[in-house]
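# Chain and residue survey
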Amino acid sequence: MKKTVTRLADGRELLYYDSRDDAVRDAVDRRPLATTLTTSEIRRDPLLGDAVAIASHRQDRTYHPPAGECPLCPSRDGRLSEIPDSDYDVVVFENRFPSLAGASGRCEVVCFTSDHDASFATLTEERAALVLEAWTDRTAELAELPQVKQVFCFENRGAEIGVTLGHPHGQIYAYPFVTPRTALMQRSAAEHRAATGRNLFDDNVARELADPVRVVLEGEHWVAFVPYAAHWPYEVHLYPRHRVPDLRELDGAARTEFPQVYLELLRRFDRIFGTDEPPTPYIAAWHQAPFGDGGRREFALHLELFTIRRTSGKLKFLAGSESGMSVFINDVPPEAAAQRLREVATT
């Protein structure tokens, strides 16, 4: 992998990640951009104790542009975009409309391919491996920022999820606090350790493997299963068999196998509801241990993949119980979801 660091016209950082070591990236952003102004601030909810990012400048972000005006496509044929070069492998850049900025953290965009009509599921294994290297590199660099406590790499796919740009891309949030979801997992892990003397994540994976009714697929270094208490209609958790706290500590064997396993999972998601349905909307979320925390070694890196589509033509909406009380109601039994995901395996 070759990494090239440059700056956009308004001073934001942009990084090219290339498979070829001889790639040359010297294109200059020629857009007349003013310095980006953000109004992001973090406010604490005194009742719940969680954090809310207030970012009013995001009201002006790009919203469903036509394909010919996509800001994530390369700059070519006289049209200038967020990526100055005329082609690219993988690109990461600071978000022009960040939810978190400055002392409140950092937000980055990850473009998986220059092909506007592609998706992560259509990437080659080589390109998927390059994306993994970019996620890892960004996690390592963002971990060095003094204000950053946790790094979250994720992809939102589909208009139903709320995606405003159709180009295949993901994001990275660098939070200045430990997120509520992670704090809950850490608390559960600490309680489990105190009660049993064992690691919660290890026991959870072992339970699924012992009775594999919810296991979707297994590799030598990765295992994917629908969790026992899945919140979403089709939800899969992907774990490396050797527990590590974050992407930086994956070994070479796990990195090599990851593209095969993950691409297969994504392709199954696109086949769950049949070929007559639009591509399956999903969220893919990497859970990584926070930095500088004594419980880091207890945490297990894992990827959560889920869709809000519950059946053909119907979405799962977060209504009263879910939105008002955080009590999920799942219409699809996890065992049935796992069976369906096994049925649509690549033949």
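See the structure above.
Sequence order sets the numbering: in each chain, residues are counted from 1 along the sequence as written. Residue-level local features of this predicted model are given only where pLDDT is at least 70; pairs of side-chain atoms are given and counted only at 80 or more, and the full residue set underlies all totals for whole chains, interfaces and linings. Neither water nor hydrogens contribute to the side-chain values; these are computed over all heavy atoms in the structure.

## Looking at the overall build of the protein chain
Assigned secondary structure in the protein chain consists of six helices and 15 strands. What the globule rule says is 2.2 Å times the number of residues to the power 0.38, and the radius of gyration is computed from C-alpha atoms. What you see for the protein chain is a C-alpha radius of gyration of 20 Å, in line with the 20 Å of a compact globule of 347 residues. Oriented by its inertia axes, the alpha-carbon framework of the protein chain measures out at about 60 × 50 × 45 Å. Relative accessibility decides the category of a residue: with a 1.4 Å probe and only protein chains considered, values under 20% of the type maximum give buried, values over 50% give exposed, and everything between is partly exposed. Residues classed as buried in the protein chain amount to 51% of the 347 residues present. Excluding contacts between residues fewer than 6 apart, the proportion of contacts in the protein chain whose partners are at least 24 apart in sequence is 63%. When charges are counted, Lys and Arg are positive and Asp and Glu negative, with His and the chain ends excluded. For charged residues, the charge sits on one atom: NZ in Lys, CZ in Arg, CG in Asp, CD in Glu. On the protein chain, the mean spot of the 41 positive side-chain charges and the mean spot of the 52 negative ones are 3 Å from each other. The secondary structure listing takes helices from DSSP runs of H or I that are at least 4 residues long and strands from runs of E that are at least 2 residues long, numbered from the N terminus. Here, two residues are considered to be in contact whenever any of their heavy atoms come within 4.5 Å of each other.

## Here we look at the packing of helix H1 (residues 125-142) against helix H4 (residues 252-269)
The axes of two packed helices give the description: the angle between them and the distance between them. To define axes, lines are fitted to C-alpha atoms, for helices over the stretch in contact only, and angles between the resulting N-to-C directions are given on a 0 to 180 degree scale. One can describe the packing of H1 onto H4 by two numbers: an axis separation of 9 Å at closest approach and a directional angle of 115°. Crossing angle aside, the handedness with which H1 passes H4 is right-handed. The residues of H4 that touch H1, namely those facing Glu125, Ala128, Ala129, Leu132, Glu133, Trp135 and Thr136, are Arg255, Phe258, Pro259, Gln260 and Leu263. For the contact of H1 with H4, the per-class residue count stands at seven nonpolar, two polar and three charged. We call a crossing left-handed when the near helix sits turned anticlockwise from the far one by less than a right angle, and right-handed when that turn is clockwise. Amino acids outside the nonpolar list (Ala, Val, Leu, Ile, Met, Phe, Trp, Tyr, Cys, Pro) and the charged list (Asp, Glu, Lys, Arg) are all regarded as polar, and Gly is one of them.

## With respect to the sheet that holds strand E9 (residues 215-218)
We call two strands paired when DSSP finds no fewer than two bridges between them. Strand order in the open sheet formed by eleven strands is E1-E2-E5-E6-E8-E7-E12-E13-E11-E10-E9, with antiparallel pairing between adjacent strands. Either end of the sheet is taken by a strand with one partner, and the two such strands are strand E1 (2-7) and E9. When the angles between neighbouring strand axes are averaged without regard to direction, this sheet yields 20°. Inspection of the sheet shows strand E6 (residues 106-111) paired to strand E8 (residues 169-175) by six bridges, in the antiparallel sense. From the neighbouring strand, Glu108 faces E8, where its bridge partner is Ile172. The sheet contacts of H4 involve strand E7 (150-157), E9, strand E10 (222-225), strand E11 (234-240), strand E12 (282-287) and strand E13 (302-307), and relative to E11 the element is tilted by about 175°.

## Considerations on the pattern of salt bridges
Side-chain pairing between opposite charges can occur once the charged atoms of the two side chains come close. Salt bridges, as used here, are contacts in which a Lys or Arg side-chain nitrogen is within 4 Å of a carboxyl oxygen on Asp or Glu. What the rule picks out here adds up to 37 salt bridges. Taking the shortest distance from any N to any O, the salt bridge between Asp246 and Arg296 comes out at 2.9 Å. Of this pair, Asp246 sits in the loop between E11 and H4 while Arg296 is found in the loop between E12 and E13, placing the two residues 50 residues apart along the sequence. Like Asp246, the residue Arg296 is buried in the burial classification. Overlapping salt bridges, with partners in common, bring together Lys3, Arg7, Glu13, Glu94, Arg106, Glu108, Asp137, Arg138 and Glu141 in one network.

## Considering the packing of aromatic side chains
Under the pairing criterion, centres of Phe, Tyr and Trp rings, with the six-membered ring standing for Trp, must be within 6.5 Å; the plane angle then separates stacked pairs below 30 degrees from edge-to-face pairs above 60, leaving the rest tilted. One pass over the full model with this rule turns up 19 aromatic pairs. A ring pair is formed by Trp232 and Phe328, whose centres lie 5.3 Å apart and whose planes are at 70°; its orientation type is edge-to-face. Here Trp232, found in the loop between E10 and E11, pairs with Phe328, found in the loop between helix H5 (320-325) and helix H6 (334-343); they are 96 residues apart in sequence, far enough to count as distant. Phe328 gets classed as partly exposed once you look at its relative accessible area, which sits at 28%.

## Remarks on the packing of helix H2 (residues 180-196) against helix H3 (residues 200-210)
Between H2 and H3, the shortest axis-to-axis distance is 8 Å and the interhelical angle comes to 85°. Classified by the angle their axes make, H2 and H3 are roughly perpendicular. Across from Met185, Ser188, Ala189 and His192 in H2, the residues of H3 making contact are Leu200, Phe201 and Asp203. For the contact of H2 with H3, the residue count by class is four nonpolar, two polar and one charged. For this classification, under 35 degrees means roughly parallel, over 145 means roughly antiparallel, 65 to 115 means roughly perpendicular, and everything else is oblique.

## Let's talk about H4
Between its terminal C-alpha atoms H4 stretches 27 Å, which fits the 26 Å expected from 18 residues at 1.5 Å a residue. Here the bend at a residue means the angle between the axes of two seven-residue stretches, the one that ends at it and the one that starts at it. Residue Phe258 marks the point of greatest curvature in H4, where the axis turns by about 35°; the proline Pro259 follows within four residues. Of all 18 residues that make up H4, 13 are buried, and the element is covered over most of its length. Two N or O atoms form a polar contact when they lie within 3.5 Å of each other; inside protein one atom must be a possible hydrogen donor and the other a possible acceptor, and for residues adjacent in sequence the pair counts only when both atoms belong to side chains. Taking the backbone nitrogen of Ala253 as reference, a side-chain oxygen 3.3 Å away marks Asp251 as the first, capping residue of H4. Here a helix's expected span is defined as the number of its residues, less one, multiplied by 1.5 Å.

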